[in-house]
Amino acid sequence: MTTVRQIPNRSNPIQPISNIIRSFVYAMNGRWHKLGMKIFMIVTIAHISEHIIQAYQLWGLGWPRPECLGLLGLWKPWLMRSE
């Protein structure tokens, strides 16, 4: 059985970007996996916390729905308005 090798196309401007993405994906699945998972977990927990705070503002404090912006929305309201 013969193996066919692909010769990289030097005129393709997408090739370097593709190589960067490929090396990033390999690093995230290898040496940076634990760090990446920790960062993802922090972002996920923060996101869910915002929803819990919004639910408390709505049902616990009785605020009108447009005013239930969570902690981030109270600090920077334009972030929640653009969502």
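Residues numbered from 1 in each chain as written. Predicted model: local features only at pLDDT ≥ 70, side-chain atom pairs only at ≥ 80, totals over all residues. Heavy atoms only, no water.

## Focus on a nonpolar patch on the surface
A contiguous nonpolar surface patch, about 480 Å² in accessible area, is contributed by Ile-17, Ile-21, Phe-24, Val-25 and Trp-32. One can find Val-25 in helix 1 (residues 14–28). On the basis of relative accessibility, which here comes to 39%, the residue Val-25 falls in the partly exposed class. (Patch = residues over 30% accessible without salt bridge, like charges linked within 9 Å, V, L, I, M, F, W, Y side chains within 5 Å. Areas by Shrake-Rupley, 256 points an atom, 1.4 Å probe, with all protein chains shown as cover. Salt bridge = Lys/Arg side-chain N within 4 Å of Asp/Glu carboxyl O. Helix = DSSP H or I, 4+ residues; strand = E, 2+ residues; numbered from the N terminus. Buried < 20%, exposed > 50% of the residue type's maximum accessible area, 1.4 Å probe, protein only.)

## Digging into the confidence of the model for the chain
A low pLDDT means the predicted coordinates there should not be read in detail. Overall, the prediction assigns the chain a mean pLDDT of 85, with 82% of residues at 70 or greater. The least confident element of the chain, judged by mean pLDDT, is helix 4 (residues 77–81) at 78; the most confident is helix 2 (residues 33–60) at 95. (pLDDT = per-residue confidence, 0-100.)

## Here we look at the side chain of Gln-54
Looking at the element boundaries, Gln-54 is found in helix 2. Classification of Gln-54 as buried rests on a relative accessible area of 17%. Not counting residues within four places of it along the chain, the set of residues in contact with Gln-54 comprises Cys-68, Leu-69, Gly-70 and Met-80. (Contact = heavy atoms within 4.5 Å.)

## Let's talk about the side chain of Gln-57
Position of Gln-57 relative to the elements: it lies in helix 2. Given a relative accessible area of 3%, Gln-57 falls into the buried group.

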